[in-house]
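This is what each chain is made of:
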Amino acid sequence: MDEQALLGLNPNADADFRQRALAYFEQLKISQDAWQVCAEALAQSIYSDDHIKFFCFQVLEHQIKFKYSELTEVQQQLIRETLITWLQAQMLNPQPEKTFIRNKAAQVFALLFVTEYLTKWPKFFFDILSVVDLNPRGVDMYLRILMAVDAELVDRDVVHTSEEARRNTLLKDTMREQCIPSLVESWYQILQNYQYNNSELTCQCLEVVGAYVSWIDLSLIANERFINMLLGHMSVEVLREEACDCLFEIVNKGMDPIDKTKLVESLCQVLQSAGLFSIDQEDDVDFLARFSKLVNGMGQALIASWTKLIKNGDMKSAQDTLQAIEAKVSLMLQLLIHEDDDISSNIIGFCYDYLHILKQAIMLAVMKKLTYDEEYNFENEGEDEAMFVEYRKQLKLLLDRLAQVSPELLLASVRRVFNTTLQNWQTTRFMEVEVAIRLLYMLAEALPVSHGAHFSGDVTKATALQDMMRTLVTSGVSAYQHTSVTLEFFETVVRYEKFFAVEPQHIPTVLMAFLDHRGLRHTSPKVRSRTAYLFSRFVKSLNKQMNPFIEDVLNRIQDLLELSPPENGYQALLSSDDQLFIYETAGVLIVNSEYSAERKQALMRNLLTPLMEKFKVLLEKLMMAQDEDRQMALADCLNHAVGFASRTSKAFSNKQTVKQCGCSEVYLDCLQTFLPALSCPLQKEVLRSGVRTFLHRMIICLEEEVLPFIPSASEHMLKDCEAKDLQEFIPLINQITAKFKTQVSPFLQQMFMPLLHAIFEVLLLPAEENDQSAALEKQMLRRSYFAFLQTVTGSGMSEVIANQGAENVERVLFTVIQGAVDYPDPIAQKTCFIILSKLVELWGGKDGPVGFADFVYKHIVPACFLAPLKQTFDLADAQTVLVCITVCFFLLFSLPCGRLKGKKNNGHVVLRVVLSYKENTLFSLNGVLVWLVFTCYGTVFCSSPVLKIKLENCRFEYLTLTCITCKLPLSESEQTGSSSLGCLGFSCDR
């Protein structure tokens, strides 16, 4: 070789020599036989310079990697012999080669192995082992060669072509068959021989075991003799780090989940008995970093096993594995809080996976506990069943919390359970089918969206829900023979009604389920009842999408609309309450249809005519009935008929009014049919209640068209009425008054005093002192009375009161004063002060009734102070505070705005609503000190000084105010002086 060029290999050589060396290397690479010179130099140890030896290995490496196929068999044999000769020499040399030379030699061996093992050198490892035996230097090279071979075959950092990948797979398969057991045995021998006297070789061997264990048969390593040896190394300070890494690779190896759990648990038992689970902050941080990595690997391996066992349905083994995981949590936390960041970061994977499994475990537990017991009595639910329903609500809240933390996990878990169950619902127990559908139902609240838009937005979520809903409606599970499953099916269908906007082709399938033996004609009354309500919701939600099915649905529900008289003895499928939903559904179908107004009218008449005809017949029978029970039954049936007709009117809206649909005539006919029931002397309370409700609906639907019927109806309802009748009648009059206002003024003036006389007559009826029911009825009637007066005054119709004559007006006003002061009912008191405020606003001027101004000062203003002075006036009550605020606003705004004339204008009159009572306790409105300042001309302003004025005389024949500071009565000049003076007052002389 060119000796001058080789000088450039020395790191200390100048640039020219280094350049010449590089040029010489390139020359040797393209030379046909230059590699032989390098091989000879290595075999015969011609050069002692380490850089020249490295150079020679580089030349051989290039030859094997790029030009090996061009060599003859003799030349290839020469390379093999050269390497073996060099290896033999290593055990005889007085000094070992430098590490970088040994590593380069190992790479060349590995390249030759990859090239020739499958064809010309199948005994590659055996030949090497026969040379090195147990010589320390030979073992060192053997282990380096093994690591280099592993790097060539499985190093994921090296990018391999598809051909190289196939070759590497074939090499590993061949090694597993031919030599791996022998290699493993050699590793064991090396570990056994050098574990106490050569820690460097032992660590190298452990590194090799850790590298190969990922792709060889684990049973060769995970056995008693190997594991015991490795665990023994964990207590040797110089070996334990490599032992940790080796054990990590073993537990990281894929294997049967049950076997993996057993392996990890056996390792943990030995490690724990060795005291390694007690972490000390003072321990070697390098070892703890490796140990933390090992614990992380064991934890993640157990979690992977648990996941597989759950997926396979092996719940017992999964529970055992979960317990093993939980036993490691304490150790995990010790490592996580370690002050060294490397130790802490190595355990984070286990922490994350444990949190994930914890959420999964809770979800699985919740799903399991949601399941009904075999003993649950669905037909006769008692206390135990009620407790379980409440328990289910608590579980649902827990599921909602989990959804907030991990919505994707919940969705995936529910989807897995749902799909697995629905695939075999015919052979699955009812409680499992029910809970699978229930989980889908609960997702709507656990993963909330605005306006129920579950099938738009997040694609993943929308797709999952859409797939599950499609499965639900197409699987046939609605035919499951258990009420709980049937009900859950319909509940879920209605909850996800927007699914049918996305896939409307499924609407007929679900409609048939509602209408046949699965729903409205189910054998269970409970199912029929709930389905009636859900069917109504379902139809209303689909709206225009129901158009193709309207007439078919109306025909199919015809028998469910029949009014069942009490004497036919036939047990109807639906109760009267359930029929209300069916009538409403029929009304919705008709009103929301795309039919013409004429067609809608015809359909609505077909719906309501049978009711009207039966109503007439039943009313005649009631008039002739003698038996009280029969009277009650007939009255109830009549009431149901009115209620059904009333319920159909709920289908109308601002966009689809009765007039626009052409249905006014039909409902007017109903009115004419139902109103005669008010004159029936039998079962008045029941009949009046039904007709009154119908009138409420007609006021909304027919508007002015209903007015001709009101006087006659009111006259009948005021005859022989009781407290409850009046209490329910007054809201009807309030509705009419508020809606039509001056249009009904003549009617109101006519019936005003008759109504009040009826009210007063009932209120004056004597009652037993302890009769709480009677007292409550009177209280509610009194509230209704004041609400009526408020409606009249608030609708701008005070003339209705004013035209009743002075004596009647005064009587009405005194009842309002009495309600504001004397009755300990803050709701009524507030209403009374609102009435007084409105009357002062309307009548306080010159056009008001004669004497009203005096009434204001003699009765209304004192009432504002007398009410708060009552012992029953409790400021701790929120309603009472509202009364205070109402009084305040009245004095501050309504009273000045009345412009009370006829009084001597003597300047400003100043009054502060602050009273001292109950041993000088300061009373103020809602905790705020308010100054009320008003003039005869209605000027309102607030004065700046905060003065406390004490009320001296509460008779209100006259008022004398004293300054709380000087305790002297206010003089006339002080009363009429500037608002900035220290003493201000109010005298009735003004």
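Because the structure is a prediction, the values reported are computed rather than measured. (Residues numbered from 1 in each chain as written. Predicted model: local features only at pLDDT ≥ 70, side-chain atom pairs only at ≥ 80, totals over all residues. Heavy atoms only, no water.)

**Digging into the overall build of the protein**
Line of reasoning, step 1. Check the secondary structure of the protein and you find 43 helices and 6 strands.
Line of reasoning, step 2. Out of the 990 residues belonging to the protein, those deemed buried represent 50%.
Line of reasoning, step 3. In the protein, once contacts between residues fewer than 6 apart in sequence are set aside, the share between residues at least 24 apart is 71%.
Line of reasoning, step 4. Surface exposure of the protein reaches about 46,800 Å², of which carbon and sulfur atoms provide 51%. (Helix = DSSP H or I, 4+ residues; strand = E, 2+ residues; numbered from the N terminus. Buried < 20%, exposed > 50% of the residue type's maximum accessible area, 1.4 Å probe, protein only. Contact = heavy atoms within 4.5 Å. Areas by Shrake-Rupley, 256 points an atom, 1.4 Å probe, with all protein chains shown as cover.)

**What to know about a negative patch on the surface**
Line of reasoning, step 1. Together, Glu722, Glu768, Asp771 and Glu777 make up a negatively charged patch on the protein surface.
Line of reasoning, step 2. Following the sequence through the fold, Asp771 ends up in the loop between helix 36 (745-763) and helix 37 (772-794). (Patch = residues over 30% accessible without salt bridge, like charges linked within 9 Å, V, L, I, M, F, W, Y side chains within 5 Å. Salt bridge = Lys/Arg side-chain N within 4 Å of Asp/Glu carboxyl O. Lys, Arg positive; Asp, Glu negative; His and termini not counted. Charge placed at Lys NZ, Arg CZ, Asp CG, Glu CD.)

**Comments concerning unusual backbone geometry**
Line of reasoning, step 1. You will see that Ser45, though not glycine, has its phi angle at about 55 degrees, which is positive.
Line of reasoning, step 2. Its location among the elements puts Ser45 in the loop between helix 3 (34-43) and helix 4 (50-66).
Line of reasoning, step 3. Positive phi, normally seen in glycine, also occurs at Gln683, with a value near 50 degrees.
Line of reasoning, step 4. With respect to the helices, strands and loops of the structure, Gln683 is situated in the loop between helix 32 (664-674) and helix 33 (684-702).

**What about helix 20 (residues 383-405)?**
Line of reasoning, step 1. In a regular helix each residue adds 1.5 Å, so 23 residues correspond to 33 Å; helix 20 covers 34 Å between its end C-alpha atoms and thus fits that length.
Line of reasoning, step 2. If you check which residues of helix 20 are buried, you get Glu385, Phe388, Arg392, Leu395, Lys396, Leu399, Asp400, Leu402 and Ala403.
Line of reasoning, step 3. The elements touched by buried residues of helix 20 are helix 19 (348-369), helix 21 (407-423) and helix 22 (430-446). (Expected span 1.5 Å × (residues − 1).)

**Some words on the packing of aromatic side chains**
Line of reasoning, step 1. In this structure the tally under the stated criterion is 41 aromatic pairs.
Line of reasoning, step 2. Between Phe113 and Tyr117 the ring centres are 4.7 Å apart and the planes differ by 35 degrees, which places this aromatic pair in the tilted class. Considered together, Phe113 and Tyr117 belong to a single accessibility category, that of buried residues.
Line of reasoning, step 3. Both rings, one in Tyr583 and one in Phe644, keep their centres 4.7 Å apart while their planes meet at 10 degrees; by these two values the pair is stacked. (Phe/Tyr/Trp six-rings, centres within 6.5 Å; stacked < 30°, edge-to-face > 60°.)

**Focus: the layout of surface pockets**
Line of reasoning, step 1. The volume enclosed by the largest pocket comes to roughly 970 Å³.
Line of reasoning, step 2. Taken together, 28 residues line the largest pocket, and the ones lying closest to its centre are Met315, Leu364, Met367, Lys368 and Val417.
Line of reasoning, step 3. Counting only elements with at least two residues in the lining of the largest pocket, the list comes to helix 15 (285-312), helix 16 (315-327), helix 19, helix 21 and helix 22.
Line of reasoning, step 4. Looking at which element gives the most residues to the lining of the largest pocket, the answer is helix 19, with 5 residues.
Line of reasoning, step 5. Of the residues assigned to the lining of the largest pocket, the class counts are 14 nonpolar, 7 polar and 7 charged.
Line of reasoning, step 6. For the second largest pocket, the calculated volume is near 510 Å³.
Line of reasoning, step 7. Forming the boundary of the second largest pocket are 19 residues, of which Tyr372, Arg392, Arg438, Glu488 and Glu491 lie nearest the centre.
Line of reasoning, step 8. When contributions to the lining of the second largest pocket are tallied by element, the ones reaching two or more residues are helix 20, helix 22, helix 24 (483-495) and helix 27 (525-542).
Line of reasoning, step 9. It is helix 24 that provides the largest number of residues to the lining of the second largest pocket, a total of 5 residues.
Line of reasoning, step 10. Considered class by class, the residues forming the lining of the second largest pocket number 7 nonpolar, 2 polar and 10 charged. (1 Å grid on protein atoms, 1.4 Å probe; cavity = no way out; pocket = protein on both sides within 12 Å on 5 of 7 lines; lining within 4 Å. Points joined across faces, edges and corners; volume = space filled by probe spheres on them. Nonpolar A, V, L, I, M, F, W, Y, C, P; charged D, E, K, R; others polar.)

**Things to note about helix 11 (residues 199-212)**
An α-helical segment advances 3.6 residues per turn. Residues three or four places apart therefore align on the same side.
Line of reasoning, step 1. Relative to the 20 Å expected for 14 residues at 1.5 Å per residue, helix 11 spans 20 Å between its end C-alpha atoms, a close match to the ideal helical length.
Line of reasoning, step 2. Burial within helix 11 is extensive, with 11 of its 14 residues counted as buried.
Line of reasoning, step 3. Three or more residues of helix 11 are buried, namely Leu201, Thr202, Cys203, Gln204, Cys205, Leu206, Val208, Val209, Gly210, Ala211 and Tyr212.
Line of reasoning, step 4. Here the buried face of helix 11 lies against helix 8 (136-154), helix 9 (162-178), helix 10 (180-194), helix 12 (224-233) and helix 13 (240-251).

**What about the pattern of salt bridges?**
Opposite charge on two side chains makes pairing possible when the charged atoms of those side chains draw close.
Line of reasoning, step 1. Under the defined criterion, the tally for this structure stands at 41 salt bridges.
Line of reasoning, step 2. Linking Lys104 and Glu61 is a salt bridge whose minimum nitrogen-to-oxygen distance equals 3.0 Å. One end of the pair, Lys104, is in helix 6 (residues 99-116); the other, Glu61, is in helix 4, and 43 residues separate them in sequence.
Line of reasoning, step 3. Arg470 is paired through a salt bridge with Glu503; the nearest N and O atoms lie 2.7 Å apart. Of the two residues, Arg470 sits in helix 23 (residues 459-474) while Glu503 sits in the loop between helix 25 (499-502) and helix 26 (507-515), which places them 33 residues apart along the sequence.
Line of reasoning, step 4. According to the relative accessible area criterion, Arg470 is partly exposed, its value standing at 30%.
Line of reasoning, step 5. For Glu503, a relative accessible area of 6% puts it in the buried group.

**Description of the packing of helix 31 (residues 628-648) against helix 33**
Line of reasoning, step 1. Where helix 31 contacts helix 33, the axes come no closer than 8 Å and their chain directions differ by 5 degrees. Accordingly, the angle class assigned to the pair helix 31 and helix 33 is roughly parallel. Facing helix 31, whose interface residues are Met632, Ala635, Asp636, Leu638, Asn639, Val642, Ala645 and Ser646, helix 33 presents Val686, Leu687, Ser689, Gly690, Val691, Thr693, Phe694 and Arg697.
Line of reasoning, step 2. Among the residues making up the contact of helix 31 with helix 33, the classes are represented as 9 nonpolar, 5 polar and 2 charged. (Axes fitted to C-alpha atoms, helices over the stretch in contact; angles between N-to-C directions. Parallel < 35°, antiparallel > 145°, perpendicular 65-115°, else oblique.)

**Concerning a nonpolar patch on the surface**
Line of reasoning, step 1. Together, Leu333, Leu336, Ile337 and Ile348 make up an exposed nonpolar region whose accessible area comes to about 360 Å².
Line of reasoning, step 2. Note that Leu336 resides in helix 17 (residues 329-336).

**Focus on the environment of Asp578**
Line of reasoning, step 1. The topology assignment puts Asp578 in helix 29 (residues 576-591).
Line of reasoning, step 2. Between the C-alpha atom of Asp578 and that of Leu520, which follows or precedes it by 58 residues, the distance is 9.9 Å.
Line of reasoning, step 3. Excluding residues within four positions of it along the chain, Asp578 makes contact with Ser529 and Ala532.

**What to know about the environment of Leu560**
Line of reasoning, step 1. With respect to the secondary-structure elements, Leu560 resides in the loop between helix 28 (550-556) and helix 29.
Line of reasoning, step 2. Spatially, the C-alpha atoms of Leu560 and Ser575 are 9.8 Å apart, while their sequence positions differ by 15 residues.
Line of reasoning, step 3. Residues in contact with Leu560, not counting those within four places in the same chain, are Leu520, Arg521, Leu573, Leu574, Gln579 and Ile582.

**Considering the side chain of Thr737**
Line of reasoning, step 1. Relative to the helices and strands, Thr737 resides in helix 35 (residues 723-740).
Line of reasoning, step 2. Here Thr737 falls in the buried class, since its relative accessible area comes to 0%.
Line of reasoning, step 3. If near-sequence neighbours (up to four positions away) are discounted, Thr737 is found in contact with Val744, Leu748, Thr791, Val792, Ser795 and Met797.

**Overview of the confidence of the model for the protein**
Predicted coordinates in regions of low pLDDT should not be interpreted in detail.
Line of reasoning, step 1. On average, residues of the protein carry a pLDDT of 83, and 86% of them reach 70 or more.
Line of reasoning, step 2. The low-confidence segment residues 897-967 (pLDDT under 50) makes 149 contacts with residues lying over four places distant or belonging to another chain. (pLDDT = per-residue confidence, 0-100.)

**Quick notes on the packing of helix 37 against helix 40 (residues 826-843)**
Line of reasoning, step 1. Between helix 37 and helix 40, the shortest axis-to-axis distance is 9 Å and the interhelical angle comes to 25 degrees. By the criterion of interaxial angle, the relationship of helix 37 to helix 40 is roughly parallel. Classified by chirality, the crossing of helix 40 by helix 37 is left-handed. The segment helix 37 lies against helix 40, with Arg783, Phe786, Ala787, Leu789, Gln790, Thr793 and Gly794 engaging Ile827, Ala828, Thr831, Cys832, Ile834, Ile835, Lys838, Leu839 and Leu842.
Line of reasoning, step 2. Class assignment of the residues belonging to the contact of helix 37 with helix 40 gives a composition of 10 nonpolar, 4 polar and 2 charged. (Left-handed = near helix turned anticlockwise from the far one by under 90°.)

**Overview of the side chain of His506**
Line of reasoning, step 1. Looking at the element boundaries, His506 is found in the loop between helix 25 and helix 26.
Line of reasoning, step 2. Residue His506 is classed as buried on the basis of its relative accessible area of 10%.
Line of reasoning, step 3. Separated by 2.9 Å, the side chains of His506 and Glu503 make a polar contact.
Line of reasoning, step 4. The residues touching His506, leaving out its near neighbours within four places in the chain, are Arg470, Val473, Thr474, Phe499 and Phe500. (Polar contact = N/O pair within 3.5 Å; in protein donor to acceptor, adjacent residues only side chain to side chain.)

**Side note on the environment of Leu869**
Line of reasoning, step 1. Among the secondary structure elements, Leu869 is positioned in helix 41 (residues 852-869).
Line of reasoning, step 2. On a C-alpha basis, the gap between Leu869 and Val821 in space is 9.2 Å, while along the polypeptide they are 48 residues apart.

**Brief notes about the state of the cysteines**
By definition, a disulfide is the covalent link that joins the sulfur atoms of two cysteine residues.
Line of reasoning, step 1. Within this structure, the stated rule accounts for 0 disulfides.
Line of reasoning, step 2. In this model Cys884 remains outside any disulfide bridge; the closest cysteine sulfur is found in Cys888, 9.0 Å from its own.
Line of reasoning, step 3. Residue Cys884 is classed as buried on the basis of its relative accessible area of 1%. (Disulfide = S-S within 2.5 Å.)

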